[in-house]
Amino acid sequence: MVKVTIWGSLRAATDGAAEVEVEAQNFKQVMSELERNYPGLQAQIAAGASLAIDGKIYREAWFTPVYPDSEVVLMPFMVGG
Amino acid sequence: MALDTEKREFKIIGTRPLRPDGIDKVTGRALYGADMVAPGMLEGKILRSPHAHARIVSIDASAALALQGVKAVVTASDFSEAKGELMQNILENCMAQDKALYHGHAVAAVAATSETIAKQALKLIKVDYEVLPHVTEIEDAVKPDAPVLRPDRRAKGAPEGTPANITNLSNFGHGDLEAGFAKADLIIERSFRTESTHQGYIEPHACLASMGPDGKADLWCCTQGHYAVRDMCASFLGMSLSQLRVTASEIGGGFGGKTVVFIEPVALALSRKAGKPVKMAMTREEVFKASGPTPSSLADIKIGMTKGGKITAAHAKLRFQGGAFPSGTIDLGAMCAFAAYDLEAVRAEGFNVMTNRPREAAYRAPGAPIGVYPVEALIDELCIELGLDPLDVRLLNAADKGTKSSYGPTFEAIGLKATLEAAKAHRHYNTPLGPNQGRGVSCGFWFNFGGSTSVSMSVNDDGTVAVTEGNPDIGGSRASVGMMAAEELGIPYENIRTIVADTNSIGFNDPTHGSRVTFSVGLATIEAARDAIKKMCTRVAKIWDIDPDAVMWEDGHARPAGENAGNYEPMSLAEIAAIASKTGGPIAGHYEVNADSAGVSFGVHLADIEVDPETGFSTVLRYTVFQDAGKAIHPAYVEGQMQGGAAQGIGWAMNEEYIYGKDGLLQNAGFLDYRIPVASDLPPIEAVILEIPNPGHPYGVRGVGETAIVPPLAAVSNAVSRAIGKRMRALPMSPPKILKVIKG
């Protein structure tokens, strides 16, 4: 299982939990499991979301591995100017 | 890709060769968006709403179409239905649908044989408007009786009672705020305000569209991302991507404002309807009214600090307005607000609200300047109250490797402390000030990112190399990409020519934004060069009849990898290229990647300001930027980015603002009334580059383009406040506003 930190304004979708656990071994599985277990996150993930994995921000990197001891943080889809 | 573990002595990286586009730009040979022409070309013009908010009851273009020389008129009905809310918003911003949502919103467009006729035709288009109540300010837009722009755009999942114009909710942070504030010796809570600013690029949006009767189209335009332009336009016109080729012109500034489309799909729709090429170019007035700008903001900040300067808790409530459509920039502002600090208890929350203003566009580190400004201003006030040095306090609280950031992830190696120490040791910080002068300090932060990137390079028969990439060069990337190719291949920089290809010539590239290009295109260039080197080594192995692994690349030559490989005369790149057709054919290298591992970036700015107490007129006496670049490929360009960001941030702090009347109309759509700093307004800006390598890039590169616009707002505000002995809490700080605070 991988612990995923959920940012504050999305916690209504996780019953207020700041951190949830999902069964996942890569970026894509984390996102899929979040959508499956917490349907309230589907709109945000569909609109765009990033994952910070051990301090690095990944935007659409499906096959980036995650491990049980990885720090995984759900983040908005990153853009810039 | 990780940082190369083997320490290497660079030969080209870190030098300052002449820019490859320099002669073209100073002689007028460079082709910008408005320079494009085609036989039989028509001129396109847009009819814009004179109202801040109005229902479009009907549009009658019959009189316009009857005018001799008019070849086409388009309205919203000429576009396909966009997929997804974001694309629907972008399309609706390009052409109003059932409502005009702001003063200057496009409602129809015409193509004619001359600009004069096109302008005449606009006057003949009859639009029946039902004028609606409007709202342009944050405070008004959240009132229960506020006019609602788009009921279906209200924030999804928002708690009951959330005002209908609120589109995005944001909340980041960790720790126990109450316990943190209980530990503080001093708690200060203040409110701040900033106004909308424009990116202020010198080149207005311009394009030339040409669609044939077979549905194939070409589009030339000034943009930061021609692949994104292609994708948006193809969607809005119901085209497949392969049928629309987009070529980016030289670009006269973008700063984020050219990452989205405004006139490009309109020109294509007109060309499709008229059967001729259509050129469009915005006037400056149109640029102000209908492109850009940034959000304006309100902020309530509360920070607790010990007598020794340790921050015990920090809380921000941010409210952004991003114009007439939803905007996620509030998330970025909230994430950046406290990112420079290692805090046990921190929270940044806020919302975006719709108003009858143009749709917000990205501007250098979008959201960060207005998220960071109030925090850095309040820290300065705490430092004064507690009698502490502002750099010492920032050093005491600075984020470092291993810090859990205020937005969630734990930082890897970062350069903030080194940057603060460099500022503290610099002669600027230790120079005495005179009367009516103040010195301001501020930190700044930006994420940087990578994104999808494609690079190809061809080894020519004469030993020169053509590098093909797909990101418009807005900050010197052709030079830095060429330098990285030359460094890796071991050939002179002058033997490389880098071009920006059209959308059909190379794989997809995310736009030139997010401070991503030197990082990700550089990374792809290094890998493409290594791909070409591998192929050249394989060819040489065949010539020498040895194993490819027994051939190594060094200083632009293939050499035997060791004594056991045999005794062969090294072959240069040029020698290998000259016989390429005999050894297997042309030699090329390429690399395609969705690059991650862009390292975050921090900056620290020092500003010395003198204020005339009689007039409120302020003068920037001295300004120094300290920033971690990871590795500066071409230091002159890095310095240019740092100086340019500072200049734009100074303008944001001192003068720039969108001004709306009570009628909801924009009052200052021109550079005479919208004051940006010019060269004579500013002193030389000193740039101090620090190099703390990004562990995610072979040479250690971090993005540098955006961070520099983040600190100036607070650095200048803190300097002015210290100069006048009173606290400024609203931007811009134009002379009348400063005088008002002085007079009390």
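What comes next is a walk through the structure. Note that the coordinates shown come from a computational prediction; the quantities given were computed from them, not determined experimentally.

### Structural notes on the pattern of salt bridges
Opposite charge on two side chains makes pairing possible when the charged atoms of those side chains draw close.
All names here are of chain B.
Okay, so step 1: Throughout the structure, instances matching the rule amount to 53 salt bridges over all chains.
Okay, so step 2: Residues Lys-258 and Glu-203 are paired through a salt bridge, measuring 3.4 Å at the closest nitrogen-oxygen approach. Here the residue Lys-258 occupies a position in the loop between β11 (244-248) and α8 (264-274), and Glu-203 occupies one in the loop between β8 (186-194) and β9 (206-211), the gap between them amounting to 55 residues.
Okay, so step 3: Its relative accessible area of 1% is what places Lys-258 among the buried residues.
Okay, so step 4: Judged by its relative accessible area of 9%, Glu-203 is buried.
Okay, so step 5: Across the salt bridge formed by Arg-319 and Asp-300, the nearest N and O atoms sit 2.9 Å from each other.

### Topic: the state of the cysteines
Residue and element names in this part refer to chain B.
Okay, so step 1: In the structure shown here, the tally under the stated rule is 0 disulfides over all chains.
Okay, so step 2: Note on Cys-221: no disulfide assigned, nearest cysteine sulfur contributed by Cys-207 at a separation of 6.5 Å.
Okay, so step 3: With relative accessibility at 0%, the residue Cys-221 sits in the buried group.
Okay, so step 4: Of all cysteine sulfurs in the structure, the one in Cys-221 sits closest to Cys-233, which takes part in no disulfide; the separation is 7.3 Å.
Okay, so step 5: Judged by relative accessible area, Cys-233 falls into the buried class, the value being 0%.

### Let's talk about the nonpolar core
Okay, so step 1: Leu-34 of chain A together with Phe-338 and Phe-447 of chain B are the most contacted members of the largest nonpolar core, which totals 125 residues.
Okay, so step 2: Element by element, the count of residues in this core is highest for helix α11 (residues 368-386) of chain B, at 10 residues.
Okay, so step 3: Ignoring sequence-local partners within four residues, the contact set of Phe-447 of chain B consists of Ile-57, Met-75 and Met-78 of chain A together with Leu-332, Met-335, Cys-336, Tyr-407, Ala-598, Gly-599 and Val-600 of chain B.
Okay, so step 4: Tyr-493, Trp-553, Ala-565 and Tyr-637 of chain B belong to the second-largest nonpolar core, a separate cluster that totals 50 residues.

### A closer look at empty space enclosed by the protein
Okay, so step 1: By the definition in use, this model includes 6 cavities of 30 Å³ or more.
Okay, so step 2: The calculated volume of the largest cavity comes to roughly 150 Å³.
Okay, so step 3: Taken together, 16 residues line the largest cavity, and the ones lying closest to its centre are Gly-55 of chain A together with Glu-412, Ala-598, Gly-599 and Val-600 of chain B.
Okay, so step 4: In terms of residue class, the lining of the largest cavity is made up of 9 nonpolar, 4 polar and 3 charged.
Okay, so step 5: If you add up the space inside the second largest cavity, you get close to 80 Å³.
Okay, so step 6: Surrounding the second largest cavity, Ile-57 and Arg-59 of chain A together with Phe-447, Asn-448, Phe-449, Gly-450, Gly-451, Asn-594, Ala-595, Asp-596, Ser-597 and Ala-598 of chain B form its lining.
Okay, so step 7: A breakdown of the residues in the lining of the second largest cavity according to their chemical character gives 5 nonpolar, 5 polar and 2 charged.

### Details of the sheet that holds strand β21 (residues 557-560) of chain B
Note: strands within a sheet are paired through backbone hydrogen bonds, in either parallel or antiparallel orientation.
All names here are of chain B.
Okay, so step 1: Read from one edge of the open sheet, 3 strands run β20-β21-β22, paired in antiparallel fashion. The open sheet has two edge strands with one neighbour each: β20 (551-554) and β22 (571-572).
Okay, so step 2: Bridging between β20 and β21 involves 4 bridges; their strand directions are antiparallel. Across the sheet, residue Met-552 finds its bridge partner in β21, namely Arg-559.
Okay, so step 3: Its contacts with the sheet place helix α15 (residues 517-544) against β20, β21 and β22, and it is angled at close to 130° to β20.

### Some points on the interface of chain B and chain A
Okay, so step 1: Taken residue by residue, the interface counts 34 residues in chain B and 21 residues in chain A.
Okay, so step 2: Summing the contributions of chain B and of chain A, the shared interface buries around 2,100 Å²; its carbon and sulfur component is 58%.
Okay, so step 3: Summed over the shared surface of chain B and chain A, the number is 2 salt bridges.
Okay, so step 4: The closest approach of N and O atoms between Arg-59 of chain A and Asp-510 of chain B, which form a salt bridge, is 2.9 Å.
Okay, so step 5: Run the count over chain B and chain A and you get 9 residue pairs in polar contact (both at pLDDT 80 or more).
Okay, so step 6: Counting only elements with at least two residues in the side of chain B that touches chain A, the list comes to β7 (166-174) and α10 (329-336) of chain B.
Okay, so step 7: Element by element, the count of residues in the side of chain B that touches chain A is highest for β7 of chain B, at 5 residues.
Okay, so step 8: Taken together, the residues that form the side of chain B that touches chain A break down as 14 nonpolar, 13 polar and 7 charged.

### Describing unusual backbone geometry
Residues and elements named next belong to chain B.
Okay, so step 1: Geometrically, the link from Leu-731 to Pro-732 is a cis peptide bond, its omega value of 0° lying close to zero.
Okay, so step 2: The residue Pro-732 is located in the loop between α19 (712-724) and α20 (735-743) in this model.
Okay, so step 3: One non-glycine residue, Arg-364, lies in the positive phi region at around 20°.
Okay, so step 4: Examined against the element boundaries, Arg-364 turns out to sit in the loop between β15 (346-353) and α11.
Okay, so step 5: Judged by relative accessible area, which is 5%, Arg-364 ranks as buried.

### Describing the side chain of Thr-503 of chain B
Residue and element names in this part refer to chain B.
Okay, so step 1: Mapped onto the secondary structure, Thr-503 falls in the loop between β19 (496-500) and α15.
Okay, so step 2: A relative accessible area of 5% places Thr-503 in the buried class.
Okay, so step 3: Engagement of the side chain of Thr-503 in a polar contact is seen with the backbone nitrogen of Val-246, the distance being 2.9 Å.
Okay, so step 4: Discounting chain neighbours no more than four positions away, the residues touching Thr-503 are His-226, Tyr-227, Arg-230, Leu-244, Arg-245 and Val-246.

### Details of helix α1 (residues 27-37) of chain A
Residue and element names in this part refer to chain A.
Okay, so step 1: Among the residues of α1, Phe-27, Val-30, Met-31, Glu-33 and Leu-34 are the ones counted as buried. Here the buried residues of α1 occupy an arc of 165° about the axis, which is enough to place them on one side.
Okay, so step 2: Where α1 begins, one side-chain oxygen reaches toward the backbone nitrogen of Lys-28, 3.2 Å away; that side chain belongs to Asn-26.

### A word on the packing of helix α18 (residues 635-654) of chain B against α19 of chain B
Residues and elements named next belong to chain B.
Okay, so step 1: It is the contact of α18 with α19, at a shortest axis distance of 8 Å, that shows an interaxial angle of 55°. For the element pair α18 / α19, the angle class is oblique. The two elements α18 and α19 meet at a crossing, and its hand is right-handed. Mapping the contact onto sequence places Gly-645, Ala-646, Gly-649, Ile-650, Trp-652, Ala-653 and Met-654 in α18 and Pro-712, Leu-713 and Val-716 in α19.
Okay, so step 2: Its residues assigned to classes, the contact of α18 with α19 comprises 8 nonpolar, 2 polar and no charged.

### Regarding the packing of aromatic side chains
Okay, so step 1: Following the criterion strictly, the structure yields 20 aromatic pairs over all chains and no others.
Okay, so step 2: Through a chain of ring-to-ring contacts, three or more aromatic side chains come together here, namely Tyr-407, Phe-411, Phe-445, Trp-446, Phe-447 and Phe-602 of chain B.
Okay, so step 3: Sitting above the plane of the Trp-62 of chain A ring, Lys-28 of chain A keeps its charged end 4.6 Å from the centroid.
Okay, so step 4: Its guanidinium or amino end placed over the ring of Phe-181 of chain B, Lys-302 of chain B lies 4.5 Å from that ring's centre, counting from NZ or CZ.

About the criteria used
- In this convention, every chain numbers its residues from 1, walking through the sequence in written order.
- As a convention, the first chain written is A and the first ligand written is 1, with the rest following in written order.
- Totals for whole chains, interfaces and linings use all residues, but because this is a predicted model, local features are given only for residues with pLDDT of at least 70 and pairs of side-chain atoms are given and counted only at 80 or more.
- Only heavy atoms go into the side-chain values, all of them from the structure, while hydrogens and water stay out.
- Only one rule defines a salt bridge in this text: a Lys or Arg side-chain nitrogen within 4 Å of an Asp or Glu carboxyl oxygen.
- A run of H or I in DSSP becomes a helix once it reaches four residues, and a run of E becomes a strand once it reaches two; helices and strands are each numbered from the N terminus.
- In this scheme, a residue with accessible area under 20% of its type's maximum is buried, one over 50% is exposed, and one in between is partly exposed, where area comes from a 1.4 Å probe on protein chains only.
- By definition, disulfides here are pairs of cysteine sulfur atoms that lie within 2.5 Å.
- As used here, the term nonpolar core means buried Ala, Val, Leu, Ile, Met, Phe, Trp, Tyr and Cys residues forming a set that is joined through side-chain atoms within 4.5 Å.
- In this description, contact between two residues means that some pair of their heavy atoms is separated by no more than 4.5 Å.
- Put plainly, a pocket is an open set of points on a 1 Å grid over the protein atoms alone with protein on both sides within 12 Å along at least five of seven lines, a cavity is a set where a 1.4 Å probe fits but cannot get out, and a lining residue has an atom within 4 Å of a point.
- Grid points are joined across faces, edges and corners, and a volume is the space filled by probe spheres set on the points.
- Each residue gets one of three labels, nonpolar for Ala, Val, Leu, Ile, Met, Phe, Trp, Tyr, Cys and Pro, charged for Asp, Glu, Lys and Arg, and polar for the others, Gly among them.
- Any two strands with at least two DSSP-identified bridges between them are counted as paired.
- Geometry is summarised by axes, namely lines fitted to C-alpha atoms with helices restricted to the contacting stretch, and by angles between N-to-C directions that run from 0 to 180 degrees.
- Accessible area that two parts lose when put together, evaluated with a 1.4 Å probe and summed over both, is termed the buried area.
- Here a polar contact means two N or O atoms within 3.5 Å. Within protein one must be a hydrogen donor candidate and the other an acceptor candidate, and residues neighboring in sequence count only if both atoms are side-chain atoms.
- Taking the helix axis as origin, the arc is that swept by the directions to the C-beta atoms.
- Angles below 35 degrees are treated as roughly parallel, those above 145 as roughly antiparallel, those between 65 and 115 as roughly perpendicular, and all remaining angles as oblique.
- Crossings are assigned a handedness: left-handed for a near helix turned anticlockwise from the far helix by less than a right angle, right-handed for a clockwise turn.
- Classification of ring pairs uses Phe, Tyr and Trp, with its six-membered ring standing for Trp, and accepts pairs whose centres are within 6.5 Å; under 30 degrees between planes counts as stacked, over 60 as edge-to-face, and the remaining range as tilted.
- Only Lys NZ and Arg CZ are tested; either one counts as a charge over a ring when it is within 6 Å of the ring centre and within 35 degrees of the ring normal.

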